[in-house]
Amino acid sequence: LPWSLLAGLLLGYCVMLSYGLPLLGILALTVLWLGRSWRPLVPAALAASAVVLAFAAYGFFWWEALGVLKGRYFEGVAGRRPPAYWMWGNLAALTFAAGPMLWPGLAAAASRWRHWLAEARVPLALAGAGAAMVLAADLSQMSRAEVERIWLPFVPWMLVACALLPERWRERGLWVQVGFAVVVQHLLFTGW
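Scoring rules and cut-offs
- Residue positions are counted from 1 within each chain, in the order its sequence is given.
- It should be noted that, the model being predicted, local features are given only for residues of pLDDT at least 70 and side-chain atom pairs only at 80 or more, the latter also being counted only at that level, while totals for whole chains, interfaces and linings use all residues.
- Remark: hydrogens and water are excluded; side-chain values derive from all non-hydrogen atoms of the structure.
- Only DSSP runs of H or I with at least four residues qualify as helices, and only runs of E with at least two residues qualify as strands; both kinds are numbered from the N terminus onward.
- Three exposure classes are used, based on accessible area relative to the maximum for each residue type with a 1.4 Å probe and protein chains only: buried under 20%, partly exposed in between, and exposed over 50%.
- Note on definitions: a residue-residue contact is assigned when non-hydrogen atoms from the two residues lie within 4.5 Å.
- Residue exposure ignores everything except the shown protein chains as possible cover, and the areas themselves are Shrake-Rupley values with a 1.4 Å probe.
- Charge assignment: positive for Lys and Arg, negative for Asp and Glu; neither His nor the chain ends contribute.
- Charge placement uses NZ in Lys and CZ in Arg. For Asp and Glu, CG and CD serve respectively.
- In this analysis, the expected span of each helix is defined as 1.5 Å times one less than the number of residues it contains.

**Digging into the overall build of the protein**
Helix and strand content of the protein: ten helices and zero strands. In sequence order, the protein lays out its α and β elements as α-α-α-α-α-α-α-α-α-α. Oriented by its inertia axes, the alpha-carbon framework of the protein measures out at about 55 × 45 × 30 Å. Per-residue burial for the protein yields a buried fraction of 34% across its 192 residues. Sequence separation of 24 or more characterises 77% of the internal contacts of the protein that already satisfy a separation of 6 or more. Just so you have it, the protein exposes about 11800 Å², and 71% of that area is on carbon and sulfur atoms. Averaged over its 14 positive side-chain charges, the protein has a centre that lies 5 Å from the centre of its 8 negative ones.

See the structure below:
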């Protein structure tokens, strides 16, 4: 019960930090599924709701603010950004933020998903949750650009899929990731 309440408080806090972070609920549900126990769900949901309601008690209504933010976002620059471009542009920006080994890792996860090997259950589920969060964020169209920072909380969960790569790929992949990060940081002006 104490861990469930703490997890819920942290999730509620994340919800209040960013309008994209409620998607972490997908990860929370995945962890409960992996743990084969749904008992923590109710206390965690109540604790998360308590955080949101505490802010509401002081005059900040998250659900109303989301509607206002969405309206202002689409009245401004997002209304001039073509949605079809950003569906793919966001994924390209994600590739730069996560590194090139993201896609081989996700491909390894996708190839094992069908067989659902017991030893690969946890990385498959966590990587799947990361991909589901990114997919939901991309389809929502609430972040046309800037995903290199907005989606950062989702990136590590997708990169867990790299654990499913063959061992010879993992060591080389680590060096590829490090080299890519250094090149991006030094040669591109990213604002990160």
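Let's pick the thread back up.
**Some remarks on helix H10 (residues 167-187)**
The end-to-end C-alpha distance of H10, which contains 21 residues, comes to 30 Å, matching closely the 30 Å that a straight helix rising 1.5 Å per residue would cover. Looking only at H10, the buried set comprises Gly 173, Gln 177 and Val 184. Contact partners of the buried residues in H10: helix H5 (83-98) and helix H9 (155-159).

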